[in-house]
Amino acid sequence: MSAESPHDISNEWLSTFAKALQAADLDGVLTAFLPSGWLRDVLTFGWDNRSLAGHDKIAAYLQDTLLPTKVTDVVLDNRPGLSPRRSEFNPDWIASGFTFTTAISIGQGYFHLARDESGAWKAQIVFMSITDLKGYEEAGPEQGVYDGHTLAWVDVHQERRQKIEEDPHVIIVGAGQTGLNIAARFRQMNIPTLVVEENARVGDNWRKRYPTLSLHTPRTQHSLLYQPYPQTWPIFTPRDKLADWLEHYAISQDLVIWNNSRPLPTPTYDLTTRKWTVVIDRNGTLVTLNPAHIVLATGTLGKPRLLELSKKDIFQGTTMHAFEYAGGRPFAGKRVVVVGAGNTSADICQDLVIQGAESVTMVQRSSTCVVSPKTVDATVTRAWPEGVPSEVSDFKFSSFPLALFKAMLKAAEQESWDREKDMHEGLIKAGLKLNMGPDGYWIDVGCAELISTGKIQIKQGVELECFAENGLVFQDGSVLKADAVIFA
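The structure presented is a predicted model; accordingly, all values stated were derived computationally and were not measured.

Student: So, a nonpolar patch on the surface: which residues are in play, and what are the values?
Tutor: A cluster of nonpolar side chains, namely Leu43, Trp47 and Ile104, defines an oily patch on the protein surface of about 330 Å² accessible area. Positionally, Leu43 belongs in the loop between strand 1 (33-42) and strand 2 (49-53).

Written as structure tokens, this is what we have:
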């Protein structure tokens, strides 16, 4: 193996970095970084997530935390996908995983090395994260035989469920992807966890969306913890398959979930007992519980937001939010205006054309990033490739500070424009205003061609003023006739 092999470069750098960590030598730690290098820490040196750029900020962060953390046992991680290699983000960099322990935890890290002005390899990024607390490691799979093969699984499961329902240590609000993932992790850590979900079934948060919805990221990017999708799973997951998969996941991971349930305002916390008092409306029955922790996993977008336009009462047509849209068939032969220009709007506009709407107009008030599947292949699929466990790809992607990642995307912006030139020409000609981030975006699966050919019209850059009897009035005085208005 040559002196310039990724393994030797990584091993030599990590050996120096490990000695400095284990000796709590702050100057030695800083020497391992480029002057512009980043330290990204998740719970290793404190109960927080931090991303710090430059020696001064790293030094200030580690000044009082490096010594008591007691980092030891720092070694290269040679597991598949984490062993030393050229960085996926920059072929001039060397990247590798490593493992370590602290006084209270078992940790995992990842670094990206680049040459400094003298040609020496220094850290552009070091990511450190704890994976287990000592004494609370994940349990792993059970034997499947209980009490000397004298108990049936159904009885074991029922007894466990009853204990959790009576006295959960954690309540998770929301049984979407995040809530279920957290619940599955907590179960492996033997933390009694109850999930409360307002919908009648797990997965209904997806079943209630528009019928042609498919996720706009490939399957490798959104698989669930411990349970990857089958090899035959679609690359872009359809709405109903995802909904059913979430329901199946909750069953197979033995999660305790109350459907048709929600916490009532407002839980109170007792500083003496260090527990919450929360009242759960469980399908009409009020249940008081006292968990130590409450985790909110209700999503990032919040409730649907409708534009408050005046004169809505005089509009003779139909208005709705995209969450109410159940397909385009009822709009056949009608003039439909869709307010919004992100991925939901694009999908709905395309469906309306296919289902025979007389006219479809997309109202774009700012700008949109529109990319093709080939761009997804060049970016998202590169970060989450097929054949690599999602937890490995997730970990490596998490190693990147978001501010640095954004700066790198900005530097490559012209390359992105060039890659989408052919598709963008038709969109620009049709009047769509484009960007390469950070405004709303969609991965094109057919809407762009419908816009370019005029089957979807664009109304761009003018704010809405009010409703009229037969449509919408804009602030420039123009009127757009419509039989239906969908806010997306």
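Student: Summarise the packing of aromatic side chains; cite the residues concerned and give the values.
Tutor: One pass over the full model with this rule turns up 21 aromatic pairs. Each ring, one from Tyr269 and one from Trp276, has its centre 5.0 Å from the other, and the planes form 55°; the classification is tilted. Judged by relative accessible area, Trp276 falls into the partly exposed class, the value being 27%. Pairwise contacts between aromatic rings join Trp13, Phe17, Phe33, Phe98, Phe100 and Phe111 into one cluster. Its end group placed over the ring of Trp233, Lys241 keeps NZ or CZ at 4.3 Å from the ring centre. When the ring centre of Phe474 is taken as reference, the NZ or CZ atom of Lys459 above it lies at 4.8 Å.

Student: I'd like to hear about the nonpolar core, residue by residue, with values.
Tutor: Core analysis: the largest hydrophobic core is formed by 55 residues, its most contacted members being Leu180, Leu352, Met362, Ile456 and Ile486. Residues within four places of Ile486 in sequence aside, it is in contact with Met320, His321, Ala322, Tyr325, Phe331, Val336, Val337, Val338, Val339, Ile348 and Leu352. Ala32, Ile58, Phe98 and Met128 belong to the second-largest nonpolar core, a separate cluster that totals 32 residues.

Student: Describe the sheet that holds strand 22 (residues 464-468), listing the residues and the values that go with them.
Tutor: Here three strands make up an open sheet; going across it, the order is 22-23-24 and the pairing antiparallel. Taken across any chain shown, the strands that pair with only one partner, and hence form the sheet edges, are strand 22 and strand 24 (479-481). Neighbour-to-neighbour, the strand axes of the sheet open up by a mean angle of 25°, direction not taken into account. Alignment of strand 23 (residues 471-474) against strand 24, held across three bridges, turns out to be antiparallel. Bridge pairing links Leu472 to Leu480 in strand 24.

Student: Report on the pattern of salt bridges, specifying residues and quantitative values.
Tutor: As enumerated under the stated definition, the model contains 20 salt bridges in all. Arg115 is the partner of Glu4 in a salt bridge, and the nearest nitrogen-oxygen pair spans 2.5 Å. Here the residue Glu4 occupies a position in the segment before helix 1 (6-22), and Arg115 occupies one in strand 6 (residues 105-115), the gap between them amounting to 111 residues. Residue class for Arg115 comes out partly exposed when judged on its relative accessible area of 44%. Ionic contacts of the salt-bridge type, sharing partners, join the residues Arg201, Asp204, Arg207, Asp244 and Glu247 into one network.

Student: I'd love a proper account of the sheet that holds strand 10 (residues 256-258), names of residues and values included.
Tutor: Working definition: the strands of a sheet are paired by backbone hydrogen bonds and lie parallel or antiparallel to each other. In space, the four strands of this open sheet follow the order 10-9-8-15, with parallel pairing throughout. Each edge of the open sheet carries a strand with a single partner, namely strand 10 and strand 15 (293-296). Strand-to-strand twist of the sheet, defined as the mean angle between neighbouring strand axes without regard to direction, takes the value 25°. Here strand 8 (residues 170-173) pairs with strand 9 (residues 193-196) via four bridges, running parallel. Counted as the bridge partner of Val173 is Val196 from strand 9. This element, helix 5 (residues 153-166), spans strand 9 and strand 10 of the sheet and lies at about 55° to strand 10. Packing against the sheet, helix 6 (residues 177-188) makes contact with strand 8, strand 9, strand 10 and strand 15, and its axis sits at approximately 160° to strand 8.

Student: Break down the environment of Asp64 for me, with residues and values.
Tutor: Of note, Asp64 is situated in the loop between helix 3 (55-62) and helix 4 (66-69). Among the residues examined, Asp64 registers a relative accessible area of 64% and is labelled exposed. Spatially, the C-alpha atom of Asp64 lies 22 Å from that of Ala123, the residues being 59 residues apart in sequence.

Student: Any details on the side chain of Lys459? Residues and values, ideally.
Tutor: Mapping Lys459 onto the fold places it in strand 21 (residues 457-460). Although Lys459 lies buried, it forms no salt bridge, and the closest oppositely charged side chain, Asp476, sits 4.1 Å away as judged by the N-O distance. A distance of 2.8 Å separates a polar atom in the side chain of Lys459 from a polar atom in the side chain of Ser478.

Student: Kindly report on the side chain of Thr368, identifying the contributing residues and their values.
Tutor: Tracing the chain through its elements places Thr368 in the loop between strand 18 (359-364) and strand 19 (369-371). Engagement of the side chain of Thr368 in a polar contact is seen with the side chain of Gln364, the distance being 3.0 Å.

How each quantity is defined
Residues numbered from 1 in each chain as written. Predicted model: local features only at pLDDT ≥ 70, side-chain atom pairs only at ≥ 80, totals over all residues. Heavy atoms only, no water. Patch = residues over 30% accessible without salt bridge, like charges linked within 9 Å, V, L, I, M, F, W, Y side chains within 5 Å. Areas by Shrake-Rupley, 256 points an atom, 1.4 Å probe, with all protein chains shown as cover. Salt bridge = Lys/Arg side-chain N within 4 Å of Asp/Glu carboxyl O. Helix = DSSP H or I, 4+ residues; strand = E, 2+ residues; numbered from the N terminus. Phe/Tyr/Trp six-rings, centres within 6.5 Å; stacked < 30°, edge-to-face > 60°. Buried < 20%, exposed > 50% of the residue type's maximum accessible area, 1.4 Å probe, protein only. Lys NZ or Arg CZ within 6 Å of the ring centre and 35° of its normal. Core = buried A, V, L, I, M, F, W, Y, C linked by side-chain atoms within 4.5 Å. Contact = heavy atoms within 4.5 Å. Pairing = 2+ DSSP bridges. Axes fitted to C-alpha atoms, helices over the stretch in contact; angles between N-to-C directions. Lys, Arg positive; Asp, Glu negative; His and termini not counted. Polar contact = N/O pair within 3.5 Å; in protein donor to acceptor, adjacent residues only side chain to side chain.

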